[in-house]
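What follows is each chain in one-letter form.
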Amino acid sequence: MKKILFALFVVFICFSAPVLAQIPTGVLVQIVKAEDELRFDKSLEALINSPNPQIQMRAILAAGRIGDERAVPILAEIVADLVNPEVNAMAAFALGEIESIKGADAILTALTDSKIGGKARTVEAAGKIAAANPKEEKSKGLAEAILKVLEDQLLDPKQQNREIILLGLTAVLRARPENGEITTAKFLTYSDGRIRADAANTLTRIRAKNANETLRKMLVSDDYAVARANAARALGAAEDKYAFDLLLNSAIDDEDSRVRVSAIRSLGNLKDKNAAEKLLERGEKLLTDYKKSKFANPTEKNELLEIATALGRILTNTNNEKAVKFLDDLRQADKYSSAETEIAVARIAPKVYADSIEEIPEDIFTKDWRTSSAAFLALGEIANLESNDKNNPTKLKVRLLLVQLIGIWVNTPAKDKATDNTRFAIPDLLRAFAAFKSENTSNILRPMLQTEPDPFIRVAVAEILADQPASKENVNALESAFIKAVILDKDYNDAQLAILDALFKLDKDQPDFDILITAVNSEDYLVRKKALEILKKLDRPIAREMIERSLAVKDDQLSPYSPAFGTKLGAILNTNADYTRAVSRKNRQTKAVLTTEKGTFTIDLLPEDAPLTVDNFIKLARSGYFNGLAVHRVVPNFVMQDGDPRGDGNGGPGWEIRCELNLLSYERGAVGMALSGKDTGGSQWFITHSPQPHLDGGYTIFGRVNEKDMQIVDSIVRGDKILSVKIVEGKSPRKKK
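What you see is a predicted model, and the numbers here were worked out from it, not measured in a lab.

**Q** Any chance you could break down unusual backbone geometry for me, citing the residues and the numbers?
**A** Even without being a glycine, lysine 437 presents a positive backbone phi close to 50°. With respect to the secondary-structure elements, lysine 437 resides in the loop between helix H25 (426–434) and helix H26 (441–445). A relative accessible area of 71% means that lysine 437 is categorised as exposed. Even without being a glycine, aspartate 679 presents a positive backbone phi close to 65°. Here aspartate 679 is to be found in the loop between strand E6 (670–673) and strand E7 (685–688).

So this is what it looks like as structure tokens:
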């Protein structure tokens, strides 16, 4: 009789799901607004206890996105409920997003109790909580439970669950359990190619060396390209010298570019000089095709830069003339704009590279700041040379050259600095100088905290000073710079955050509480949050009092934007009309058609999963924000990234949006929001070339690109431009009368 009742229950769920999925717009607005305000309160708690499982799950997801520890007891109770496995799963996912060790007991119980559903999301949550709390004893128990779940999957083939295995493998790379590599390796021969690929990915990221023989077989014969690519990566991470010939063959001959670039990188890890000749032959062939291309940025560039990087690692300090000749040809064709080629030459022939720049140091400041940046990064690489009689004169020459270059910039008139795009390259110049660990680093860089208008130059100085001695001069300069950043920086909060980090690192015992009070009272939520995090680390009565006062006035929540703030950063920008518009797209087909220099591709936007992220993207696209922006980042077999008006990876629209993390996974063609920390999205987005499970639950997925259009995405290289973005929205279905 129980079986019949269960069958009827399943039929009811299946047929009523479309009805339940229709959460009233007013309720959705209420939930999305709470997420946007990072507000966990009684009204959201009531929705979590809704009898409608769709409303309940959506409210539970909101609690996870908000990340408030006060939700943990409620979610822990739901995880153990035996009524609905889907609700169990969502509660487990939410606990994983909150990452509190207070949720560990509930997750551990759910993993070990066979009656509780939602095992896949529960094992995922175990990995996230353990990773966020590595020093907690309970994290060790979670890590052991993850392995037990995976081992159980291997015992009974009839009961195996693909989702549990995939999320379990990713949980291993997060939790790093003892002997995790042994269990993971057992999935390298699994029948499902994606599982084999994810197992190899996990072994790569934990740098395991126990499965090299199996990985070699995968590299040669696996019919799934991503599995071959990840096998190549894992062999490189393991520095398996016995895989050399196989990696070299794959780097030259594999039909899939993702496998080739992964094999090329691994050859760079092995640093076997015998790879150089074949890589040069491959590089010269690609360069010939590159020069024949009709495109300003030929697709061959992606693979050429990988070869350049590998050669730099393989032939370090050898002065190999053939390699230098090839790299010079590539540099000229690429107009000296890629750091990979500059770094490779600096590694292979450091004296030759240093001499070439020393002859005309002022010429390094070119009209294209990317050329300057590439050269600065290459000069910084020379700091890594071994100190000996041969290298020391070159290292000294470069250090003095970098001081000279800093002087040229410092003496540039202030009115010119504000408009000179060279400023985008200066952080790389400063970090290159810092790499030489000069005794006068602080004295040279410290004044720039007051003189530089660009916030990211001040970010670089703050990060460098954080690693210098905790002198009174450094601390005072950082304190003054924080006040300056509060007053001047209206579009970016990066300098304020970096300075707070630097001050706490330099002065943990005697922090300036006046600065922390200023930070806690900031209009910017992320600055307040950073100050509260620092205060929590200070086990002192005054810090505890400040935290209590701040929480009493809800400094841990966001405030509605007001023009009086003078900035949109860290404030609530959406109105009820915005929330309604965003959630009303849930039943509409919404697309973004992107025209590039390589062709057109379409992003299928996902407003039901990330309504405010989609709304933000649409708003920017319709304003023409993305039109003409260069793709500033391409990492083959990982992502292409765009949406930065500066082009240096730091730019944004002058506001930040909250993360809308969801249960979608980073398959090939997933579109996600780029971040510099939680809730720091703005305008930068990326598309994955292959599955990237370690990004799941960490970066908002808000769109998909189909396989046909991914051929265009695969052809895009750094420097290609997004010419236009057109939004196409379908009509909402008519309501039945």
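Once you've had a look at it, read on.
**Q** Any details on helix H16 (residues 257–270)? Residues and values, ideally.
**A** For H16, with 14 residues, the first-to-last C-alpha span of 20 Å sits near the 20 Å given by 1.5 Å per residue. Burial runs high along H16: eleven of the 14 residues are buried. Of all the residues in H16, the buried ones are Arg258, Val259, Arg260, Val261, Ser262, Ala263, Ile264, Ser266, Leu267, Gly268 and Leu270. One side-chain oxygen at the N-terminal end of H16 lies 2.8 Å from the backbone nitrogen of arginine 258; it belongs to aspartate 256. One or two positions beyond H16, positive phi appears at lysine 271, with a value near 60°.

**Q** Outline the layout of surface pockets, supporting the account with residue identities and numerical values.
**A** Of the voids in this model, the second largest pocket is the one considered here, and its volume is about 1,400 Å³. Ile66, Gly67, Asp68, Ile98 and Lys529 are, among the 42 residues lining the second largest pocket, the residues nearest its centre. Elements with a minimum of two residues in the lining of the second largest pocket: helix H3 (42–48), helix H6 (85–98), helix H8 (119–132) and helix H32 (525–537). Top contributing element to the lining of the second largest pocket by residue count: H32, with six residues. A breakdown of the residues in the lining of the second largest pocket according to their chemical character gives 14 nonpolar, eight polar and 20 charged.

**Q** Tell me about the environment of proline 560, and please be specific about residues and values.
**A** Considering the arrangement of structural elements, one finds proline 560 in the loop between helix H33 (541–552) and helix H34 (576–583). Once you skip the residues sitting within four places of it in the chain, proline 560 turns out to touch Phe565 and Ile572.

**Q** Now, about the packing of helix H2 (residues 25–37) against helix H4 (residues 53–66): what can you tell me, with residues and values included?
**A** Interhelical geometry of H2 versus H4 gives an angle of 10° and a closest axis separation of 9 Å. Comparing their axes, H4 and H2 come out roughly parallel. Both H2 and H4 take part in a crossing whose hand is right-handed. Contacts between H2 and H4 pair Val27, Leu28, Ile31, Val32, Ala34 and Glu35 from the former with Ile55, Arg58, Ala59, Leu61, Ala62, Arg65 and Ile66 from the latter. Partitioned by chemical class, the residues of the contact of H2 with H4 number ten nonpolar, no polar and three charged.

**Q** Could you give me a rundown of the pairing of strand E8 (residues 701–704), with the residues and numbers involved?
**A** When strand E2 (residues 599–605) meets E8, the two strands line up antiparallel, connected through two bridges. For leucine 605, the partnering residue across the bridge sits in E8 and is glycine 703. As paired elements, E6 and E8 share three bridges and run antiparallel to each other. Within E8, the residue paired with valine 671 across the bridge is glycine 703.

Conventions adopted
Numbering of residues starts from 1 in every chain and runs along the sequence as written. Two thresholds apply to this predicted model, a pLDDT of at least 70 for residue-level local features and 80 or more for giving and counting side-chain atom pairs, whereas whole-chain, interface and lining totals are computed over all residues. For the side-chain quantities, the full set of heavy atoms in the structure was used; hydrogens and water were omitted. Strands here are runs of E lasting at least two residues and helices are runs of H or I lasting at least four, both read from the DSSP assignment and numbered beginning at the N terminus. Classification of residues uses two cut-offs on accessible area relative to the type maximum, computed with a 1.4 Å probe and protein chains only: under 20% is buried, over 50% is exposed, and between them is partly exposed. Here the expected span of a helix is defined as 1.5 Å times the quantity of residues minus one. Identification of polar contacts relies on pairs of N or O atoms within 3.5 Å, with a donor-acceptor requirement for protein atoms, meaning one able to donate a hydrogen and the other able to accept it, and with residues adjacent in sequence counted only if both atoms are side-chain atoms. Points on a 1 Å grid, built from protein atoms alone, make a cavity when a 1.4 Å probe fits but cannot get out and make a pocket when they are open with protein on both sides within 12 Å along at least 5 of 7 lines; residues with an atom within 4 Å of a point are the lining residues. Grid points are joined across faces, edges and corners, and a volume is the space filled by probe spheres set on the points. In this classification, Asp, Glu, Lys and Arg are treated as charged, Ala, Val, Leu, Ile, Met, Phe, Trp, Tyr, Cys and Pro as nonpolar, and every other residue, Gly included, as polar. Working rule for contacts: check all heavy atoms of both residues, and any pair within 4.5 Å makes them a contact. Here the axes come from fitting lines to C-alpha atoms, over the contacting stretch only for helices, and the angles between their N-to-C directions go from 0 to 180 degrees. Under this scheme an angle from 65 to 115 degrees is roughly perpendicular, one under 35 degrees roughly parallel, and one over 145 degrees roughly antiparallel; angles in between are oblique. Here is the rule for handedness: rotate from the far helix to the near one, and if that takes an anticlockwise turn smaller than a right angle the crossing is left-handed, while a clockwise turn gives right-handed. At least two DSSP bridges between two strands are needed for those strands to be called paired.

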